[in-house]
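Each chain, written out:
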Amino acid sequence: MPHHPRVNEVNKRIDNQQRRIDKGVANGSITQKQAARDQQHAANIAQRASADEARHNGHLTRKKTRRLNRAENRNSRHIRKQRRH
């Protein structure tokens, strides 16, 4: 069952970040400890999205989507910085 477009956007970004974390662990540029932290952040974002989705009949509000995107941007930057070192 397709979700609301904003829900799909958030979920797609979370999935993409998970692939980046897995790739970093596989090639050794991210440690297991760093990966666990990043995965916890992604899980927190997903939980917040699910909670808002449940409150709004399967939709995410624009305000909540902006907040989730900012959180995903922070997590994405952190993943990128870790992979450089």
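Read on for an overview of the structure.

1. Regarding the overall build of the protein
At step 1: Along the protein, the regular secondary structure elements total three helices and zero strands.
At step 2: Helices and strands in the protein line up, N terminus first, as α-α-α.
At step 3: Reported as C-alpha extents along the three principal axes, the dimensions of the protein are approximately 40 × 25 × 15 Å.
At step 4: Expressed as a percentage of its 85 residues, the buried residues of the protein come to 33%.
At step 5: Taking the contacts inside the protein whose residues are at least 6 apart along the sequence as the reference set, 67% of them involve residues at least 24 apart.
At step 6: When the accessible surface of the protein is split by element, carbon and sulfur atoms take 49% of a total near 5,700 Å².

2. Re helix α2 (residues 32–55)
At step 1: When the terminal C-alpha atoms of α2 are compared, their 34 Å separation across 24 residues agrees well with the 34 Å that a helix rising 1.5 Å per residue should span.
At step 2: A35, D38, A42, I45, A49, D52 and E53 are the residues of α2 that are buried.
At step 3: In the segment just after α2, N57 is the residue with positive phi, at about 55°.

Calculation criteria
Residues numbered from 1 in each chain as written. Predicted model: local features only at pLDDT ≥ 70, side-chain atom pairs only at ≥ 80, totals over all residues. Heavy atoms only, no water. Helix = DSSP H or I, 4+ residues; strand = E, 2+ residues; numbered from the N terminus. Buried < 20%, exposed > 50% of the residue type's maximum accessible area, 1.4 Å probe, protein only. Contact = heavy atoms within 4.5 Å. Areas by Shrake-Rupley, 256 points an atom, 1.4 Å probe, with all protein chains shown as cover. Expected span 1.5 Å × (residues − 1).

Such coordinate-based values are descriptive only and should not be taken to indicate function.
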